[in-house]
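# Remarks on the overall topology
Below, each chain spelled out in residue letters.
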Amino acid sequence: MFIYQFYLSRIDVFLHLCYFIDITMELTRNFAVLEGGDGSGTTTQLSILKNKIKNTGKIPYFSTFEPTTGKTGELIRRALKNEITINPRTLCYLFAADRNEHLYGQDGIINHVKNGEFVICDRYVVSSLVYQGIECGDKLPESLNSFFPLPEITIFLDIKPEIAVERMKNRSSLEIYEVLEFQEKVYKKYISVLEAYGKKGRVEIVDASKSVQEVADLVWGIIGQMPIFNHNENDL
Ligand code: ATM
């Protein structure tokens, strides 16, 4: 009985690792993600970045975010606003379902990338590994997200939770995760998830406590160096 349990736990660890290795296998070129705790400024930076790319005038782009505006995304937003109660594990499945549609649906990320566009997304797999990892343990988000391709680059907007929560005080209403105690957990989890995730995918860390413009410059300093922005006319 003991030996059986011993091997079972080893198999469990092995499967756990396989899920994670899977997550880090496939890279999607010209797909970049902004990640960060609440109040880190991902939405603001996405908007500035979008305008910057637009102004360069050369690269077709698609700017997007998760949870999406689709039916599953809408349901998730209602749960985040505490309008409806959804079990955290169910929410984990919903985030994965929303992401699958976001990737593979008709107007999805994969089709945009295939069309030669540069895709920038506010939050992606790492958000699930962090938020749902805290809420329901690592196994479920790791396994559900193991099927999704990695972006070419993930930029983490790094800001201490105390400063982020202070920034959020101006918001008219707060979502279920937007309290200091939870954000402290989120910050710690980001650091550990990104350490593992960064071994296969490219992760860049930006100091998000700086001014909006300084952060935007740092973000562009990374994105602007990506191969798609550095092709010669002749290469295209
Ligand atoms: P925004 O604040 O970026 O709109 O995201 C909404 C929330 O969704 C955010 N936390 N709050 N509040 C993080 C959460 N979220 C997850 O929990 N898992 C995910 O996979 C994603 C994409 C977002």
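Above this text you will find the structure in question.
Structure report, in brief. (Residues numbered from 1 in each chain as written. Predicted model: local features only at pLDDT ≥ 70, side-chain atom pairs only at ≥ 80, totals over all residues.)

### Some points on the environment of Cys121
To keep things clear, this is the line we draw: Strands are runs of DSSP state E lasting at least 2 residues, helices are runs of H or I lasting at least 4, and numbering of each runs from the N terminus. Put simply, a residue is buried when 20 or more other C-beta atoms lie within 10 Å of its own C-beta and exposed when 12 or fewer do; between those, it is partly exposed, and each C-beta is set from the backbone.
Here Cys121 lies in strand β3 (residues 118-122). Exposure remark for Cys121: the 24 C-beta atoms within 10 Å place this residue in the buried category. Each C-alpha atom, one on Cys121 and one on Phe65, is 4.9 Å from the other, the two residues being 56 residues apart in sequence.

### Focus: the sheet that holds strand β4 (residues 150-158)
Quick reminder of the rule: Pairing between strands is defined by DSSP: at least two bridges between them are needed. To get an axis, fit a line to the C-alpha atoms, keeping to the stretch in contact for a helix; angles then go from 0 to 180 degrees between the N-to-C directions.
As summarised here, the arrangement of the five strands in space is β2-β3-β1-β4-β5, forming an open sheet in which the pairing is parallel. Only two strands of the sheet have a single partner each, and these edge strands are β2 (61-65) and β5 (202-207). Averaged over all adjacent pairs, the angle separating strand axes in this sheet is 20°, with direction ignored. Both strand β1 (residues 27-35) and β4 contribute to a ladder of six bridges, which runs parallel. Bridged to Val33 within β4 is Thr154.

### A closer look at the packing of helix α4 (residues 88-104) against helix α6 (residues 125-136)
Filter applied, for reference: The cut-offs work like this: below 35 degrees is roughly parallel, past 145 is roughly antiparallel, 65 to 115 is roughly perpendicular, and the gaps in between are oblique. Crossings are classed by handedness, with left-handed meaning an anticlockwise turn of the near helix from the far one by less than a right angle and right-handed meaning a clockwise turn. The contact criterion used is a C-beta to C-beta distance within 7 Å, with each C-beta placed from the backbone. Polar here means any residue outside two lists: the nonpolar Ala, Val, Leu, Ile, Met, Phe, Trp, Tyr, Cys and Pro, and the charged Asp, Glu, Lys and Arg; Gly therefore counts as polar.
Interaxial distance between α4 and α6 falls to 9 Å at its minimum, and their mutual angle equals 160°. By the angle between their axes, α4 is roughly antiparallel relative to α6. The way α4 lies across α6 gives a crossing that is left-handed. In this structure, α4 uses Pro88, Arg89, Leu91, Cys92, Phe95 and Ala96 to contact α6, whose residues at the interface are Ser128, Gln132, Glu135 and Cys136. Looking at the contact of α4 with α6 residue by residue, the classes come out as six nonpolar, two polar and two charged.

### Notes on the site of the ligand
Going by this rule: Nearness here is judged by the C-beta atom: place it from the backbone, and if it falls within 6 Å of a molecule or strand, the residue counts as near that partner.
Within the structure, the ligand sits among 15 residues, and Glu66, Ser127, Ser128, Tyr131 and Glu175 are positioned closest to it. It is α6 that provides the largest number of residues to the shell around the ligand, a total of four residues. Looking at the shell around the ligand, its residues break down into five nonpolar, four polar and six charged.

### Quick look at unusual backbone geometry
Cis geometry is found at the peptide bond from Glu66 to Pro67, where omega equals -5°. Topologically, Pro67 is positioned in the loop between β2 and α3 (71-80). Within the chain, Asn30 stands out as a residue other than glycine whose phi angle is a positive 65°. As for its position among the elements, Asn30 is in strand β1.

### Structural notes on the packing of helix α2 (residues 42-56) against helix α10 (residues 212-223)
Interaxial distance between α2 and α10 falls to 10 Å at its minimum, and their mutual angle equals 55°. One finds that α2 runs oblique with respect to α10. Our pair here, α2 against α10, has a crossing hand that is right-handed. Contacts between α2 and α10 involve Thr44, Gln45, Ile48, Leu49 and Lys52 on the former and, on the latter, Val212, Val215, Ala216, Val219, Trp220 and Ile223. When grouped by side-chain class, the residues that make up the contact of α2 with α10 number eight nonpolar, two polar and one charged.

### Some details on helix α8 (residues 161-168)
What counts here: Relevant arc is that of directions from the helix axis to the C-beta atoms, nothing else.
Burial in α8 covers these residues: Pro161, Ala164 and Val165. For α8, the angular spread of the buried residues around the axis is 95°, confining them to a single face. Exposed residues on α8 whose side chains face more than 90 degrees from its buried face are Glu162 and Glu166. Packing partners of the buried residues in α8 comprise α9 (180-197).

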